[in-house]
Amino acid sequence: MPKYDYIALDQHGKETKGSIEVGSQNEAIGRVKEMGLFPTKIIEAERTREKSAGKKAKPAARAGGKKKGGGMSFEIKIPGLSGKVKPKVLTTFTRQLATLVDAGLPLLRGLRVLEKQERNATLKRIVGELALAIEGGSTFSEALAQHPKVFNRLFVNMVKAGELGGVLEVVLKRLAEFSEKAQKIKGKVKAALFYPVAVLFVAMAILTLLLVWVIPQFKGVFAGMQMKMPGFTLFVLAVSDTVRGHFLPVMGGVAAVVIVLVMFIKLTKSGRYLWDKFKLKMPPIGPVVSKVAISRFSRTLGTLVSSGVPILQALMIVKETAGNVIISDAVSKVHESVKEGETITAPLEASRVFPPMVVSMVDVGEQTGALPEMLLKIADTYDEEVDNAVSAMTSLLEPIMIIFLAVIVGSIVIAMFLPLISMISQMSGGESGGGAAGAEKD
C-alpha cells in the first residue's frame with residue numbers, strides 16, 4: 001500500500017508532519033482531515049515513488065535500445081510545463097475566476113472556461129488538475145494545497161475560509177486586490193532602483209575602460225619623461241597594470257567574493273539577519289524597505305483576518321510571507337503572545353520595528369473589535385508613504401550617484417595630468433630662470 005507524507009495545521013495553527021499508508025492521495029486527504037487537521041501538503045513518500053519509478057523504468061530501457069548493467073531512465077523537461085507561475089499571471093487568473101463565480105457560474109465550470117483560454121502552459125495544466133480534483137470530490141482549497149509552488153499558504157487558507165463562510169467570490173476578489181497592490185508597490189521600488197543601478201553599471205564600465213585602455217596610453221607618454229612621478233599617479237598606474245595583467249583572476253576574485261557573500265546571506269541565519277537589518281537601517285533605502293514591510297504585514301494580516309482565517313493561523317502565514325527576518329521574528333513574538341491570551345500590541349511595541357502610530361492604531365483596532373479594518377487602513381496609509389519614500393530616495397540617490405561617478409573619473413583624470421602639470425611647472429620655472437640669468441649677464 002502506498003505511503004504518503006503530509007504537512008498539516010492543527011486548530012491552533014501549529015504545523016504538524018507525519019506519514020500514513022492509504023490507497024490514494026484522496027484517501028490520505030480524508031484521513032488527515034479525520035484526524036482534526038487541515039492538510040496543506042500531501043505527497044507520495046520517497047520509497048514508494050522510487051519503487052514505482054523503477055517499475056516504469058524497465059520498459060523504458062527496453063524501448064530505448066540495449067540494456068547494459070542497470071536500467072536506463074530518461075527525464076524529459078518541456079519548457080513551459082515546469083516551474084512557477086508569474087504573480088501577474090496568477091493575479092489575472094484570480095480576478096477572472098472571482099468574476100465568473102460572482103456572476104453565478106459554478107466553480108468547476110469556471111475553472112474549465114479559464115483552462116481553455118489560459119495561454120500560460122504551466123497554469124493551464126494546473127487549472128486542469130484543479131478541475132479534476134474537484135470532480136473527484138476534493139474542495140477547492142484542498143486542490144490548491146496540492147500545488148504549493150503556485151498557491152502559497154495565504155492563498156489556500158483564504159480560499160478555505162471563503163468556502164466555509166460561503167463567500168468564495170469575495171475572498172477571490174480580495175486575493176486579486178491584494179496581489180495587484182503588492183505588485184504595484186514592488187514595481188515602484190524596482191523603478192526607483194533602476195536609475196542608481198544603471199548609473200553604477202555605467203560607472204563600472206567607464207572605470208574598466210579607463211584602467212584597461214586609456215591609462216596604458218598615458219603610461220607610454222610618461223615612460224619618455226625623465227622625472228619623478230607623483231605617488232597618486234604611480235598608484236593608479238599600478239592598479240591599471242594589475243587589472244590588465246591579471247584581468248581574469250581579478251574578475252574571478254570579485255565574483256568569488258560576491259558568491260560567498262550571497263551564500264552567507266541566503267544559507268545562514270546570521271547572514272540573513274544581518275542583511276535584513278542592514279536593509280532596514282541603510283539611510284537612502286532603509287525607509288522604503290521599512291514602509292514596504294509594514295504595509296505588507298498590515299495588508300496580509302488584515303486580509304486574512306477579514307476573510308475569516310483564525311488569528312493564530314493568520315499570524316503563522318504572515319510570519320512565513322513577511323520577506324524580512326526582523327519582521328518575521330516580531331510576528332513570531334506576536335503569535336506567542338496571542339497564544340498565551342495576551343494582546344498583539346505589546347510585542348509589536350517591544351520589537352522597535354513598528355512606529356508608534358502603527359502600534360497605537362493596532363491597539364485601537366484590538367480594543368474596538370475592528371482589527372481587520374484598522375490593519376487595512378494602516379496598509380493604505382503606508383502605501384502612500386511608500387510613494388513618498390520612493391520619491392525621496394530617488395531624489396537623494398541621483399546626486400549621490402552623479403558625485404560618485406564624478407569622483408571616480410575625476411580622480412583618474414587628475415592622476416594622469418599631475419605629471420604633465422609638474423613638467424609644465426618645471427619647464428616654466430626653467431625658462432624664467434634662464435631668462436633672469438641672461439638679463440644679469442647683459
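Residues numbered from 1 in each chain as written. Predicted model: local features only at pLDDT ≥ 70, side-chain atom pairs only at ≥ 80, totals over all residues. Heavy atoms only, no water.

(A) Region of interest: the nonpolar core. Within the largest apolar cluster, 65 residues are counted, with the highest numbers of intra-cluster contacts made by Phe93, Leu97, Leu111, Phe140, Phe151 and Phe354. Not counting residues within four places of it along the chain, the set of residues in contact with Leu97 comprises Leu107, Gly110, Leu111, Leu114, Phe140 and Leu172. Judged by nonpolar contacts, the second largest core, of 12 residues, contains Ile215, Phe222, Leu237 and Ile412. (Core = buried A, V, L, I, M, F, W, Y, C linked by side-chain atoms within 4.5 Å. Buried < 20%, exposed > 50% of the residue type's maximum accessible area, 1.4 Å probe, protein only. Contact = heavy atoms within 4.5 Å.)

(B) Quick look at the packing of aromatic side chains. Here the structure, examined in full by the defined rule, presents 3 aromatic pairs. Ring centres of Phe151 and Phe155 lie 5.0 Å apart, and the angle between their planes is 55°; on these two criteria the pair is classed as tilted. Overall, the relative accessible area of 2% leaves Phe151 in the buried class. Given a relative accessible area of 6%, Phe155 falls into the buried group. With a centroid separation of 4.9 Å and an interplanar angle of 55°, the aromatic rings of Phe297 and Phe354 are classed as tilted. Of the two residues, Phe297 sits in helix H12 (residues 286–306) while Phe354 sits in the loop between helix H15 (345–351) and helix H16 (356–368), which places them 57 residues apart along the sequence. Neither residue differs from the other here; Phe297 and Phe354 are each classed as buried. (Phe/Tyr/Trp six-rings, centres within 6.5 Å; stacked < 30°, edge-to-face > 60°. Helix = DSSP H or I, 4+ residues; strand = E, 2+ residues; numbered from the N terminus.)

(C) Representation of the pattern of salt bridges. Applying the stated criterion across every chain yields a total of 12 salt bridges. As a salt-bridge pair, Arg299 and Asp380 come within 2.8 Å of each other at their nearest N and O atoms. On the criterion of sequence distance, the pair formed by Arg299 in helix H12 and Asp380 in helix H17 (residues 371–441) is long-range, its members being 81 residues apart. Judged by its relative accessible area of 8%, Arg299 is buried. In this structure, a network of salt bridges that share partners links the residues Lys181, Arg299, Asp380 and Asp383. (Salt bridge = Lys/Arg side-chain N within 4 Å of Asp/Glu carboxyl O.)

(D) Representation of the confidence of the model for the protein chain in the model. Mean pLDDT over the protein chain stands at 79; residues scoring 70 or higher make up 86%. Per-residue pLDDT, averaged within each element of the protein chain, yields its smallest value for helix H2 (residues 46–64) (42) and its largest for helix H5 (residues 121–135) (91). Scored below 50 in pLDDT, residues 47–82 makes 16 contacts in the model with residues more than four places away or belonging to other chains. (pLDDT = per-residue confidence, 0-100.)

(E) Focus on empty space enclosed by the protein. If you walk through the whole model with that rule in mind, you get 1 cavity of 30 Å³ or more. By volume, the largest cavity amounts to about 40 Å³. Ala293, Arg296, Phe297, Thr300, Val318, Thr321, Ala322 and Ile327 are the residues that line the largest cavity. For the lining of the largest cavity, the element with the most residues is H12, which contributes 4 residues. Tallied by class, residues from the lining of the largest cavity come to 5 nonpolar, 2 polar and 1 charged. (1 Å grid on protein atoms, 1.4 Å probe; cavity = no way out; pocket = protein on both sides within 12 Å on 5 of 7 lines; lining within 4 Å. Points joined across faces, edges and corners; volume = space filled by probe spheres on them. Nonpolar A, V, L, I, M, F, W, Y, C, P; charged D, E, K, R; others polar.)

(F) Region of the structure containing the sheet that holds strand S1 (residues 3–9). What the 3 strands build is an open sheet, ordered S2-S1-S3; its pairing is antiparallel. Of all the strands in the sheet, the pair left with one neighbour each is strand S2 (15–21) and strand S3 (38–44). Direction aside, the axes of adjacent strands within the sheet are offset by 25° on average. Inspection of the sheet shows S1 paired to S2 by 7 bridges, in the antiparallel sense. Each residue of the ladder has a partner; that of Lys3, found in S2, is Glu21. This element, helix H1 (residues 25–34), spans S1, S2 and S3 of the sheet and lies at about 145° to S3. (Pairing = 2+ DSSP bridges. Axes fitted to C-alpha atoms, helices over the stretch in contact; angles between N-to-C directions.)

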